There are 2 protein chains.
Amino acid sequence: MKRRIGEQTLIFTNEPVILHTATVAGNKEGAGKLGGYFDVVLTDNIDGCASWEQCESKMMERAVRAAVLKSGRNIEDIDCVLAGDLLNQLMSTHFAMRTVGRPFLGLYGACSTMAESMLVGSMMVDGGYCDTVACCASSHHEAAERQYRFPTELGVQRPPIAQWTVTGAGSAVIGKAVYGPRVTTGTIGKVVDYGIKDTNALGAAMAPAAVDTLRQHFADTGRTPAYYDKIYTGDLGVIGREIVLRMMREDGIELGGVYDDCGCMIYLENQDAHAGASGCASSALVFCGYLFKQMLKQKLSKVLLLGTGSLHSPTSYQQKESIPCISHAVSIEL
Amino acid sequence: MKRRIGEQTLIFTNEPVILHTATVAGNKEGAGKLGGYFDVVLTDNIDGCASWEQCESKMMERAVRAAVLKSGRNIEDIDCVLAGDLLNQLMSTHFAMRTVGRPFLGLYGACSTMAESMLVGSMMVDGGYCDTVACCASSHHEAAERQYRFPTELGVQRPPIAQWTVTGAGSAVIGKAVYGPRVTTGTIGKVVDYGIKDTNALGAAMAPAAVDTLRQHFADTGRTPAYYDKIYTGDLGVIGREIVLRMMREDGIELGGVYDDCGCMIYLENQDAHAGASGCASSALVFCGYLFKQMLKQKLSKVLLLGTGSLHSPTSYQQKESIPCISHAVSIEL
């Protein structure tokens, strides 16, 4: 049985259901626009741990366990966890998985990880390889900043185009059910690199990858923007969002009000996040915290989520390489 | 249709075929036991590139393109590339994928990546989500050493228990065909951590993860060691191999001559590799270079390959954490 349409899109004919989601957010995120939607908001970004990396691990483990609990399953019912984060060698994920103790596949898609994990996880359920999977992603502001840029204690000034790495973790449990939001398709992205070398300009670097996958998704499925109630990119921020709108307009496609970016939905204007939110947890918190609940309330019934990942490393930046980017899409429908 | 047996094992009822494989190896590996089996052997570990990381990228791209060519396909026929390496943010993989230009899913399983990519890739073909996929992994001695331990220029003395990170890349193209070695099952590993903190003792750290997956594979499938012509772990070296033999013996299972470790098959005694080979390319070179060809010649007809990955990071080591490990298994049969 053929389960692919067009060039890059998988169709999930058995329509795996998102049974439930859960989120753990940092204090800045909790004080932001969507604060009321998160299950747990930390009072500080260390949460009693010995390091920021441990705090991130703890957030991921809590998000997985909470999502499993809310879905009415036990952790032993999870046939596979698919997860990743931004830290070198997926440090937060691996230490969380040590205590979660379930079969595990590690993914690296940078900030596209939430969508990548839902894409692969939905395939595992749709294909009959698993009954229930947990898909997760996390990021932590201080842990990511000291790895990618500067330790936050240095107080280095951030340029206005920079985005703020989100502290948080989100998890979605996908399985079989009669009701609930279903993952209906997944479009696998290609690596796209438009030559940007400034690691503060990640929104601009990632926007062409999002457009590439969006165009391909429409071409593969025959759908148009009008098919969806909302289309979200993961963490392009205000600059990247504007580039997506313009590039699509050049194709003759007006996204207009149907499109928004998760990175523009987390922080308030006065929270000093500059161009918006970034990090794996940007799309993880917005999808698992907000969008999923909007779908349960039937305020949204057809959503396209495009995870967006900047695949550079501090080493590639030091070697003066440009920034390769990727975007994976999943459509979720009631 | 249910495609999972027992707790952790997927069965590929359509039996995706490994169409062909290709390898690019470093000069030390080319001078080793299996030198004659590699498609390309570099004359030095920089290969005209500006950095070791670029050299690794180039190896991966060559391995992918060569495997695709040998399989009689064009690069455009590859529906998805599944790949990873050891470098922070999968640097070598991402820069290779930029020029390969095919839909791509990034995986991080440390040195278990070759098996992880074959497991997920086989699932995509078996389930009808892709016609043809390319599965790849790479590592580079100098790039890995300076990231994980010390720049090799420092000439730091290595303890006798240390293993030598392999320079090389391997790729396997999996698709549909009437003849050829078939991927019949895949057992997804759990993270296992026995508390070892010495990052030179990776073979010892990873052995319990390999045993955990091996036991589960036998329990899930009802198979015994006698079912296989050969069982290989990825890169445990002489110390880890001995631990696997002993732990299985304590279970009453005598692996004996049916078992070997890829990390013990690459270097000659006089090549100063100490406890053996390690790195993603250990199992990638041995499987894609040697074992696949033995299967084509019908010298081996049932093989179990257990990728073994040490999931620590330099940060986790500095934070005095122990080493979480994982092992994913794929069975390949004629």
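For the structure, check the block above.
Thresholds applied
- Residues numbered from 1 in each chain as written.
- Chains lettered and ligands numbered in written order.
- Predicted model: local features only at pLDDT ≥ 70, side-chain atom pairs only at ≥ 80, totals over all residues.
- Heavy atoms only, no water.
- Helix = DSSP H or I, 4+ residues; strand = E, 2+ residues; numbered from the N terminus.
- Rg over C-alpha atoms; globule rule 2.2 N^0.38 Å.
- Contact = heavy atoms within 4.5 Å.
- Areas by Shrake-Rupley, 256 points an atom, 1.4 Å probe, with all protein chains shown as cover.
- Lys, Arg positive; Asp, Glu negative; His and termini not counted.
- Charge placed at Lys NZ, Arg CZ, Asp CG, Glu CD.
- Least-squares fit on C-alpha atoms with pLDDT ≥ 70 in both.
- Buried < 20%, exposed > 50% of the residue type's maximum accessible area, 1.4 Å probe, protein only.
- Buried area = accessible area lost by both parts, 1.4 Å probe.
- Salt bridge = Lys/Arg side-chain N within 4 Å of Asp/Glu carboxyl O.
- Polar contact = N/O pair within 3.5 Å; in protein donor to acceptor, adjacent residues only side chain to side chain.
- Phe/Tyr/Trp six-rings, centres within 6.5 Å; stacked < 30°, edge-to-face > 60°.
- Lys NZ or Arg CZ within 6 Å of the ring centre and 35° of its normal.
- Expected span 1.5 Å × (residues − 1).
- Axes fitted to C-alpha atoms, helices over the stretch in contact; angles between N-to-C directions.
- Parallel < 35°, antiparallel > 145°, perpendicular 65-115°, else oblique.
- Left-handed = near helix turned anticlockwise from the far one by under 90°.

### Notes on the overall build of chain A
- When helices and strands are counted, chain A shows nine helices and 15 strands.
- Its C-alpha radius of gyration of 18 Å places chain A within 12% of the 20 Å reference for a compact globule of 334 residues.
- Overall size of chain A, expressed as C-alpha extent along the three principal axes, is 55 × 50 × 35 Å.
- Summarising the internal contacts of chain A: among those between residues at least 6 apart in sequence, 78% fall at separations of at least 24.
- Accessible surface, chain A as shown: approximately 10,500 Å² in total, 50% of it carbon and sulfur.
- Separation between the mean location of the 30 positive side-chain charges and that of the 35 negative ones in chain A comes to 3 Å.

### Observations regarding the relation of the copies chain A and chain B
- Screw-axis analysis of chain A against chain B gives a translation of 0.0 Å along the axis, an RMSD of 0.0 Å, and a rotation angle of 180°. Those values place the two copies in the arrangement expected of a two-fold rotation axis.

### Comments concerning the environment of Lys70(B)
All names here are of chain B.
- Among the secondary structure elements, Lys-70 is positioned in helix 2 (residues 52-70).
- Take Lys-70: its relative accessible area is 31%, and that puts it in the partly exposed class.
- Once residues lying within four places of it in the same chain are set aside, the contact partners of Lys-70 are His-20, Thr-21, Ala-22 and Asp-39.

### Thoughts on the interface of chain A and chain B
- Taken together, the contact pairs 62 residues of chain A with 62 residues of chain B.
- Counting the surface lost from both chain A and chain B, the interface buries some 5,000 Å², and carbon and sulfur atoms represent 57% of this.
- Inspection of the region where chain A meets chain B yields 10 salt bridges.
- Arg4(B) serves as the salt-bridge partner of Asp131(A), at 3.5 Å between the closest nitrogen and oxygen.
- Our count for the chain A to chain B interface comes out at 41 residue pairs in polar contact (both at pLDDT 80 or more).
- Where the side of chain A that touches chain B is concerned, the elements lending two or more residues are strand 2 (9-11), helix 2 (52-70), helix 3 (91-100), strand 6 (104-106), helix 4 (113-126), helix 5 (141-148), helix 9 (314-318) and strand 15 (325-333) of chain A.

### What about the packing of aromatic side chains?
- Tallied over the full model, the rule gives six aromatic pairs over all chains.
- Each ring, one from Tyr37(A) and one from Tyr290(A), has its centre 4.9 Å from the other, and the planes form 85°; the classification is edge-to-face. On the criterion of sequence distance, the pair formed by Tyr37(A) in the loop between helix 1 (27-30) and strand 4 (40-41) and Tyr290(A) in helix 8 (residues 280-296) is long-range, its members being 253 residues apart.
- Their ring planes at 80° and their centres at 5.1 Å tell us that Tyr227(A) and Tyr228(A) sit as a pair that is edge-to-face.
- Given a relative accessible area of 3%, Tyr228(A) falls into the buried group.
- One cation-aromatic arrangement involves Lys28(A) over Trp164(A); the distance from NZ or CZ to the ring centre is 3.7 Å.
- Here the guanidinium or amino end of Lys28(B) rests over the ring plane of Tyr267(B), the centre of that ring lying 5.6 Å away.

### Comments concerning helix 2 of chain B
Residue and element names in this part refer to chain B.
- Relative to the 27 Å expected for 19 residues at 1.5 Å per residue, helix 2 spans 27 Å between its end C-alpha atoms, a close match to the ideal helical length.
- Buried within helix 2 we find Trp-52, Glu-53, Cys-55, Glu-56, Ser-57, Met-59, Met-60, Glu-61, Ala-63, Val-64, Ala-67 and Val-68.
- Among the residues trailing helix 2, Gly-72 stands out with phi positive, at a value near 75°.

### Considering unusual backbone geometry
- Despite not being glycine, Leu90(A) shows a phi value in the positive range, around 45°.
- With respect to the helices and strands, the residue Leu90(A) is situated in the loop between strand 5 (80-85) and helix 3.
- Its identity as a non-glycine residue notwithstanding, Ala110(B) has a phi of 50°, on the positive side.
- In this structure, Ala110(B) sits in the loop between strand 6 (104-106) and helix 4 (113-126).

### As for the pattern of salt bridges
All names here are of chain B.
- Enumeration according to the criterion identifies 38 salt bridges over all chains in this entry.
- Salt-bridge contacts for Asp-126 lead to Arg-3; the nearest nitrogen and oxygen are separated by 3.5 Å. Of the two residues, Asp-126 sits in helix 4 while Arg-3 sits in the segment before strand 1 (4-5), which places them 123 residues apart along the sequence.
- In this structure, Arg-146 and Glu-53 form a salt bridge, with 2.8 Å as the shortest nitrogen-oxygen distance. Taken together, the residues span a long stretch of sequence, with Arg-146 in helix 5 (residues 141-148) and Glu-53 in helix 2 at a distance of 93 residues.
- What makes Arg-146 partly exposed here is its relative accessible area of 35%.
- Among the residues examined, Glu-53 registers a relative accessible area of 4% and is labelled buried.

### Some points on the environment of Asp77(B)
All names here are of chain B.
- Relative to the assigned elements, Asp-77 resides in the loop between helix 2 and strand 5 (80-85).
- In the structure, Asp-77 is positioned 36 residues away from Val-41 in sequence and 27 Å away in space, judged by C-alpha atoms.
- Here Asn-74 takes part through its backbone nitrogen, which lies 2.8 Å from a polar atom of the side chain of Asp-77.

### Remarks on helix 7 (residues 237-250) of chain A
Residue and element names in this part refer to chain A.
- Taking 1.5 Å per residue as the helical rise, helix 7 with its 14 residues ought to reach 20 Å, and the 20 Å between its terminal C-alpha atoms agrees with that figure.
- Along helix 7, the positions that sit buried rather than exposed are Gly-237, Gly-240, Val-244, Leu-245, Met-247 and Met-248.
- As for helix 7, its buried residues are in contact with helix 6 (202-221) and strand 12 (259-261).
- In the segment just after helix 7, Gly-252 is the residue with positive phi, at about 85°.

### Let's talk about the packing of helix 2 of chain B against helix 5 of chain B
Residue and element names in this part refer to chain B.
- Closest axis-to-axis distance for the helix 2/helix 5 pair is 8 Å, and the angle between their directions is 130°. Taken as axis vectors, helix 2 and helix 5 run oblique relative to one another. In the packing of helix 2 onto helix 5, the handedness of the crossing is left-handed. Residues Trp-52, Glu-53 and Glu-56 of helix 2 form the contact with helix 5, whose participating residues are Glu-142, Ala-143 and Arg-146.

### Re the environment of Trp164(B)
Residues and elements named next belong to chain B.
- Looking at where Trp-164 falls in the secondary structure, it is placed in strand 8 (residues 164-165).
- Given the relative accessible area of 17%, Trp-164 is considered buried.
- Sequence-wise, Trp-164 and Gly-279 are 115 residues apart; in three dimensions their C-alpha atoms are separated by 8.0 Å.
- For Trp-164, the contacting residues outside a window of four places in its chain are Lys-28, Glu-29, His-141, Arg-158, Tyr-267, Asp-272, Ala-273, Gly-276, Ala-277 and Ser-278.

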